[in-house]
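# Analysis of the macromolecular model
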Amino acid sequence: MLKLKYVYAAAILAALVFALGIWNPFPAKADRGVSLVPPKFKVDPFWPKPLPAPGGHQWVTGEPGGSCVDSRDHIFTVNRGNLTANDGTTSVASPPVLEYDPEGNLVNSWGDRTILPDGLHGCFFDQQDNIYIAGNADAIVQKYTHDGTLLLQIGTKGLFDTSDGTATGTPLNSSHTLLHRPADIAVDPENGDIYIADGYGNFRVVVFDKNGNFLRQWGSGPGTDPGQFGTSGHPHCVVLGKEGLVYTCDRANHRIEVFDKQGTWLRDIRVDPPSPLDQSTLRACDIDFSIDKNQTWIYDTDLGSDKVWIMNRSLGTIVGSLGRAGQMAGEFIFPHTATVDSKGNLYVAETVNGRRIQKFVNLGHSPE
C-alpha cells in the first residue's frame, strides 16, 4: 500500500509539471562533449496583464502575426485586429503594435493600419531599437522608430514581384525593388544589412543594405534540394546567429536551412520529432536561440504539432519540448513565432485560433 502511494504521488507530480508548461525531456545520447541538458521553463499564467477597455470597449488583438524584443526586454506584438463573433459585441480591435514591459503591463501602442503592411507577419529590432515589420498579404517591409515614426520602406505597397504585379500573378522571384508577401526580417548588427524571408509568394531570401538598396538573393524555387525552399509560403523565418550564419525556416519541408551571408548553403537541420504523433508538415515555423555565448539551443515553433521543440544547435537533435495542443496556460494552438529576451525567457505568439502570446520563464539552467 505504501508503495502504491509513492507511485500515485509521483504520477500527480509529473502531471503538474507538464500542465505548467515545464520542459518535457526526451532521452538523448551525449556526443562530441556537447551538453544535451537544455534549460527548463515554466509558464507565467499571469503574463501579459489584461488589455485596456476604454469607454467599456475591451481591446482585443486578433491574431498576433509577429513578436520581437527590444533592448529593454519589452515585448512587441504586431496584431492583425481580425476580431471574430466570439470576441463579443463590445470588443474593439487594439492598435496594431503593442508594447509590453517584462511584467506584462501594456506600456505603449501605435500604428496606422492603412500604412502598415497588410497581413502583419514578423517583426525585428535592430541595435538602435528601430523595429522592422513585414506583412504576408502585402509587398513591403517597413522600418519604424521605437515609437512608431516611419523611417524606411522596402517595396511598394500593393505592388507584387509577379508577372502582373498582383498577389495572384506568377511569382518572378527576382525583383531588386519589389517583394512578394514577405514573412520575416533580420538585420545584421555589423553593417545594418536587411535580410528578408520573401517567402509567401517568392521563394527567396533577399538582402538589402541599410538604405534599402538591393544586394543579393538566394533560393531558386519551391523545391526540396539543398538551398531551395518548399511550397506553401517559404522561407517562413530568417534569423542571424552570433557566429554570422543565416538560419531560415523551410516550413513545408520541416527543416532549418543554414547559409553563410552570401547565400552559400551549409547544412540542413531536420526537425524530425521522435514521436509518430508529431509528424506534421509544419514543424519549422519560427526559431530563436538561447542566450549563452554559443547559442547552444534552438527553440522552434511547430504549429502542426502545437509544440515548441528544444534542439541542440550544433548536433541538430531534438532534446525536449514545451507545450501540447490546448487552450490552457502552457498549451498551444498554432504557435507561430518565438522570441527570447536577455534573461533567456521565451515568448511564444499563437495565431489563427490561438490569438495570444505566452511567457515561459527560464528557470536558470541555460549554460553560460
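Before any of the text, the structure's been laid out above.
What this report covers is the structure whose coordinates are included nearby. (Residues numbered from 1 in each chain as written. Predicted model: local features only at pLDDT ≥ 70, side-chain atom pairs only at ≥ 80, totals over all residues. Heavy atoms only, no water.)

## Observations regarding the state of the cysteines
Under the definition given, this model contains two disulfides. One disulfide in the model links Cys68 with Cys123; its S-S distance is 2.3 Å. What sets the handedness of the Cys68 and Cys123 disulfide is the S-S torsion sign, and at about -115 degrees it is left-handed. Of this pair, Cys68 sits in strand 4 (residues 64-69) while Cys123 sits in strand 9 (residues 120-125); the two residues are 55 residues apart in sequence, bridging distant segments of the chain. Each member of the pair, Cys68 together with Cys123, is buried. Across the disulfide from Cys237 sits Cys249; the S-S distance is 2.0 Å. Between Cys237 and Cys249 the disulfide shows an S-S torsion of about 70 degrees. By sign, it is right-handed. Residue Cys237 is located in strand 17 (residues 237-240), and its partner Cys249 is located in strand 18 (residues 246-250); the two are separated by twelve residues in the primary sequence. Exposure remark for Cys249: the relative accessible area of 0% places this residue in the buried category. The structure places no disulfide on Cys285, whose sulfur is separated from the nearest cysteine sulfur, that of Cys249, by 7.0 Å. Classification of Cys285 as buried rests on a relative accessible area of 0%. (Disulfide = S-S within 2.5 Å. Helix = DSSP H or I, 4+ residues; strand = E, 2+ residues; numbered from the N terminus. Buried < 20%, exposed > 50% of the residue type's maximum accessible area, 1.4 Å probe, protein only.)

## Details of the pairing of strand 8 (residues 106-110)
The pairing of strand 7 (residues 97-100) with strand 8 spans four bridges and is classified as antiparallel. For Glu99, the partnering residue across the bridge sits in strand 8 and is Asn108. What sits between strand 7 and strand 8 in their antiparallel hairpin is a turn of five residues, with Gly104 showing a positive phi close to 95 degrees. (Pairing = 2+ DSSP bridges.)

## A word on the nonpolar core
Phe41, Tyr299, Val308, Leu322, Leu346 and Phe360 are the most contacted members of the largest nonpolar core, which has 16 residues in total. Among the elements of the structure, strand 2 (41-44), strand 22 (297-302), strand 23 (307-312), strand 24 (317-322), strand 25 (335-340) and strand 26 (346-350) are those that each provide at least two residues to this core. Within the second largest apolar cluster, 15 residues are counted, among which are Cys237, Val258, Val271 and Ile318. (Core = buried A, V, L, I, M, F, W, Y, C linked by side-chain atoms within 4.5 Å.)

## Re the pattern of salt bridges
Enumeration according to the criterion identifies 19 salt bridges in this entry. Measuring nitrogen to oxygen at the nearest pair gives 3.7 Å for the salt bridge that ties Glu190 to Lys261. One end of the pair, Glu190, is in the loop between strand 13 (184-187) and strand 14 (194-198); the other, Lys261, is in the loop between strand 19 (255-259) and strand 20 (265-270), and 71 residues separate them in sequence. The closest approach of N and O atoms between Asp272 and Arg270, which form a salt bridge, is 3.7 Å. (Salt bridge = Lys/Arg side-chain N within 4 Å of Asp/Glu carboxyl O.)

## Some thoughts on the sheet that holds strand 18
Read from one edge to the other, the open sheet built from four strands follows the order 17-18-19-20, with strand pairing classed as antiparallel. Of all the strands in the sheet, just strand 17 and strand 20 have a single pairing partner and so form its edges. With direction set aside, neighbouring strand axes in the sheet form an average angle of 20 degrees. Where strand 19 and strand 20 come together, five bridges link them in antiparallel fashion. (Axes fitted to C-alpha atoms, helices over the stretch in contact; angles between N-to-C directions.)

## Observations concerning the packing of aromatic side chains
Per the counting criterion, the structure on display carries eleven aromatic pairs. With 5.5 Å between their ring centres and 85 degrees between their planes, Phe41 and Tyr299 make a pair best called edge-to-face. A residue pair is termed long-range when its members are at least 10 positions apart, and Phe41 in strand 2 and Tyr299 in strand 22 qualify at 258 residues. Seen from their ring centres, Phe208 and Phe214 are 6.1 Å apart, and the 85 degrees between their planes marks the pair as edge-to-face. Judged by its relative accessible area of 0%, Phe208 is buried. According to the relative accessible area criterion, Phe214 is partly exposed, its value standing at 22%. Here the aromatic cluster, defined as three or more aromatic residues joined through ring pairs, consists of Tyr195, Trp218, Phe229 and Phe259. (Phe/Tyr/Trp six-rings, centres within 6.5 Å; stacked < 30°, edge-to-face > 60°.)

## A closer look at unusual backbone geometry
Residues apart from glycine generally show negative phi values, whereas peptide bonds are mostly found in trans. Cis geometry is adopted by the peptide bond preceding Pro48, which originates at Trp47 and carries an omega value of -5 degrees. Along the chain, Pro48 falls in the loop between strand 2 and strand 3 (59-60). Backbone geometry places Phe334, a non-glycine residue, at a positive phi of 60 degrees. Residue placement: Phe334 occurs in the loop between strand 24 and strand 25. On the accessibility criterion, Phe334 (25% relative accessible area) is partly exposed. Located in the positive-phi region is Val352, a residue other than glycine, with phi close to 50 degrees. Mapped onto the fold, Val352 is located in the loop between strand 26 and strand 27 (356-362).

Fair warning: the whole summary comes from geometry, so function is off the table for now.
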